[in-house]
Each structure stands twice: as structure tokens, then as C-alpha cells.
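# What the coordinates show
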Amino acid sequence: MQEHILIARNIVKQYENHLALNDVSLEIPKGSIYGLLGPNGAGKTTLMKIINQITAPDSGEIIFNNEKLVRKHISQIGYLPEERGLYRKMKVGEQSLYLAQLKGMSKKEATVKLKTWFEKLDILQWWDKKVEELSKGMAQKVQFAVTVIHNPDLLIFDEPFSGFDPVNTAIIRKEILELKEKGTSIIFSTHRMESVEEICDEITLIDNGISILQGEINSIKDKFRNNIFQIETNSNNLKLDGFEIIYQDENNFTVKVPPNKNSKELITEILKTSEIISFKEKIPSMEEIFIKTVSNG
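A brief look at the structure comes next. (Residues numbered from 1 in each chain as written. Predicted model: local features only at pLDDT ≥ 70, side-chain atom pairs only at ≥ 80, totals over all residues. Heavy atoms only, no water.)

## Overview of the sheet that holds strand β7 (residues 154-158)
Here is the rule we go by: Strands are treated as partners if at least two bridges between them are detected by DSSP. Each helix is a run of DSSP H or I of at least 4 residues and each strand a run of E of at least 2, with the numbering of both proceeding from the N terminus. Between the N-to-C directions of two axes lies an angle of 0 to 180 degrees, each axis being a line fitted to C-alpha atoms and, for a helix, fitted only over the stretch in contact.
Judged by pairing direction, the sheet is mixed, and its six strands sit side by side in the order β6-β7-β8-β3-β9-β10 without closing on themselves. Each edge of the sheet is formed by a strand with only one pairing partner; in this case those strands are β6 (77-80) and β10 (210-216). Here the average twist between neighbouring strands, direction ignored, is 15 degrees. Where β7 and strand β8 (residues 185-189) come together, five bridges link them in parallel fashion.

## Here we look at the packing of aromatic side chains
The test is simple: Note on aromatic contacts: the rings of Phe and Tyr and the six-membered ring of Trp form a pair at centre separations within 6.5 Å, being stacked when their planes are under 30 degrees apart, edge-to-face when over 60 apart, and tilted otherwise. Whether a residue is buried, partly exposed or exposed follows from its accessible area with a 1.4 Å probe, protein chains only, as a fraction of its type maximum: under 20%, in between, or over 50%, in that order.
This structure, assessed with the given rule, holds five aromatic pairs. Taking 5.9 Å as the distance between ring centres and 70 degrees as the angle between the ring planes, the aromatic pair formed by Trp117 and Phe144 counts as edge-to-face. Here Trp117, found in helix α3 (residues 107-120), pairs with Phe144, found in helix α4 (residues 136-148); they are 27 residues apart in sequence, far enough to count as distant. A relative accessible area of 11% means that Trp117 is categorised as buried. Residue classification places Phe144 among the buried positions, given a relative accessible area of 2%.

## Side note on the layout of surface pockets
Convention followed: Both cavities and pockets are sets of points on a 1 Å grid over the protein atoms alone; in a cavity a 1.4 Å probe fits but cannot get out, in a pocket the set is open with protein on both sides within 12 Å along at least five of seven lines, and lining residues sit with an atom within 4 Å of a point. Grid points are joined across faces, edges and corners, and a volume is the space filled by probe spheres set on the points.
When its volume is computed, the largest pocket comes out at roughly 430 Å³. Looking at the largest pocket, it is lined by 19 residues, and the ones nearest its centre are Tyr79, Leu99, Leu102, Lys103 and Val146. Listed by contribution, the elements that provide at least two residues to the lining of the largest pocket are β6, α2 (92-102) and α4. Considering every element that reaches the lining of the largest pocket, the biggest residue donor is β6, with four residues.

## Comments concerning the nonpolar core
What counts, and what does not: Joining through side-chain atoms within 4.5 Å is the link that ties buried Ala, Val, Leu, Ile, Met, Phe, Trp, Tyr and Cys residues into a set, and such a set is a nonpolar core.
Judged by nonpolar contacts, the single largest core of 47 residues is most densely connected at Phe144, Ile176 and Ile203. Considering each element in turn, this core owes the most residues, six residues, to α4. Ile11, Leu47, Met48 and Ile51 belong to the second-largest nonpolar core, a separate cluster that totals 24 residues.

## Description of the sheet that holds strand β4 (residues 59-64)
Picture the strands of a sheet paired through backbone hydrogen bonds; they go either parallel or antiparallel. Stated precisely, the cut-off is as follows: Residue contacts are defined here by distance: any two heavy atoms, one from each residue, within 4.5 Å place the two residues in contact.
If you trace the four strands from one edge of the open sheet to the other, you get β2-β1-β4-β5, paired in antiparallel fashion. Both edges of this open sheet fall to β2 (18-29) and β5 (67-68), since each of them pairs with a single strand only. Examined bridge by bridge, strand β1 (residues 4-15) and β4 share five bridges and lie antiparallel to one another. By the bridge assignment for β4, Ile7 is matched with Ile63. Each of β1, β2 and β4 touches helix α1 (residues 44-51); the most contacted strand, β2, lies at about 60 degrees to it.

Interpretation note: all reported values are geometric properties and have no functional meaning in isolation.
Put into C-alpha cells, the structure is as follows:
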């Protein structure tokens with residue numbers, strides 16, 4: 001039986017005239033990267049704040065490590081919000097030590113671990129600089145280190161790649177995957193669907209406060225398959241009886257297979273007049289699935 005780091009049951013949160021979360025439930029397996037997706041204003045940040053006990057639900061419950069979520073669990077959770085917050089006039093090292101000690105670490109332990117992380121992220125040279133001297137990307141590296149420093153059981157990353165160039169995005173992605181390999185459970189919220197495909201095991205898609213799509217990435221992509229194939233032939237004049245060519249670029253074709261036919265029949269039909277150079281099914285990307293699901297709302 002699969003163990004879960006966190007289970008949210010029937011979470012409801014109302015702000016004046018806005019229903020931010022409407023009966024949202026999810027289960028996050030231990031040691032997984034769980035994507036929390038949705039358009040702006042969908043309710044993702046509200047759910048992350050509830051899990052981190054910054055705010056409370058109006059109804060529903062959160063179970064953390066088989067216990068009802070309470071104040072003591074804060075020390076077992078690391079939260080990197082989308083809106084970062086560092087004191088601009090403080091020195092980087094001084095502030096990082098202060099934040100690490102707030103998580104219950106001794107100054108000695110925090111110094112050793114922070115300097116290890118700063119070295120990994122190539123920011124050790126900024127230890128004695130003021131925060132206001134950092135670029136946005138450098139400041140986010142500092143906050144990433146402070147978020148993970150106390151080895152929490154659950155990490156919550158809200159847009160962790162925001163403001164990073166491709167090189168630094170790759171660095172942070174590598175560190176997130178290494179944390180997972182060491183057994184850390186991760187909630188990962190982003191608008192970058194290519195990142196979701198690369199690192200997430202499961203997802204929940206929230207729109208207008210409602211969970212509208214949930215499950216393992218591969219299962220979801222399989223569910224959204226639409227019998228479209230991309231084919232390259234030795235001819236740019238392909239004639240197909242009973243199949244729809246929906247796009248052509250010289251000798252490259254995108255073909256829709258109707259419900260009453262299959263891919264083997266398509267291959268047989270192509271071979272009547274042409275040779276096949278390449279043939280593959282076009283599996284919908286998570287971005288396509290996201291747009292389609294939200295649009296159909």
C-alpha cells in the first residue's frame with residue numbers, strides 16, 4: 001500500500017465574495033514530486049498557504065505523516081513562496097543564518113550546511129554582501145538554500161524557476177531531483193509545463209478553486225491520446241483513403257486516425273503508394289492538456 005506524506009480532504013476556503021478552494025482533495029505519495037497546477041487565481045497559492053499553516057481552511061482537513069496537521073509540523077516543511085522576501089539591508093550570510101536558526105538549527109550546524117549549499121549553488125562569494133547587491137536570480141538561490149537547509153520531509157516550491165536563466169534553471173532542477181532521490185517529498189507549482197513533464201510524478205490541476213484533473217503524468221497523457229500520427233514518407237503527394245491529413249509540410253504529414261480504424265491500417269494504406277521514413281504517434285504535451293482542460297473548465 002502506497003504511503004502518503006500529505007492528504008488533503010475536502011478543503012474549502014472562502015475570502016469574502018471569492019471561493020478560493022471548493023472541496024479540494026489530493027494525496028501526495030512519499031518521495032514523489034507532485035505538481036500543483038492551474039491558471040493565475042485558481043487557488044494553488046491558497047492551498048500551499050494552508051499546508052504551511054499561514055492560513056486555515058474553513059472546512060476539511062490536512063493529514064501530514066499520518067497525523068492531523070498541527071503547529072509542530074512546521075519544522076518538517078520547507079516553503080519557497082513565489083513572492084520572495086529577504087531583508088535587503090542585511091548581509092546574505094547573516095540573514096541566512098538567522099532564518100536557519102528560526103527553523104531550530106544551531107548557529108554552528110547552520111553555518112556548515114549553508115556554506116555547503118552556497119558552494120553547490122555557486123553563491124559562496126556573496127556571503128558577506130548585502131542582499132540589495134544581489135541579482136534576482138542570486139537572491140532566489142539564497143532563498144532556495146534557506147528553504148531546504150533543515151532537511152524537511154516536505155518541500156513546497158512555488159514557481160522555483162522564476163527569474164532564472166536556462167543555466168541556473170538546470171542547476172535548481174538538478175538539486176530538486178537529488179532531493180527527491182534522497183527521499184524528500186516535494187510539491188511543485190509552476191506555469192512551465194515542460195518542467196512538469198520532466199520532473200513531476202503526479203499532478204492536480206485546479207481551476208476556479210476546483211480540482212479538475214488529477215493523476216500520474218503518464219496516465220493523464222495516455223487518457224488524452226487522440227489518434228494523431230506524425231509521418232515522414234518519400235513522397236509529398238500522399239493519398240489516404242479513410243484517413244484525415246490535418247497538416248502537411250512537404251513530405252511530413254500529420255494524420256488523424258478515425259475511431260473505426262487503427263494505426264496498422266494507416267501504415268497499410270500509406271504503403272500502397274509510398275515508403276515510410278518515420279512514423280510516430282503524437283502524444284499531447286502537458287501544456288496542450290492544461291489548455292484543453294482549463295478551456296473546457
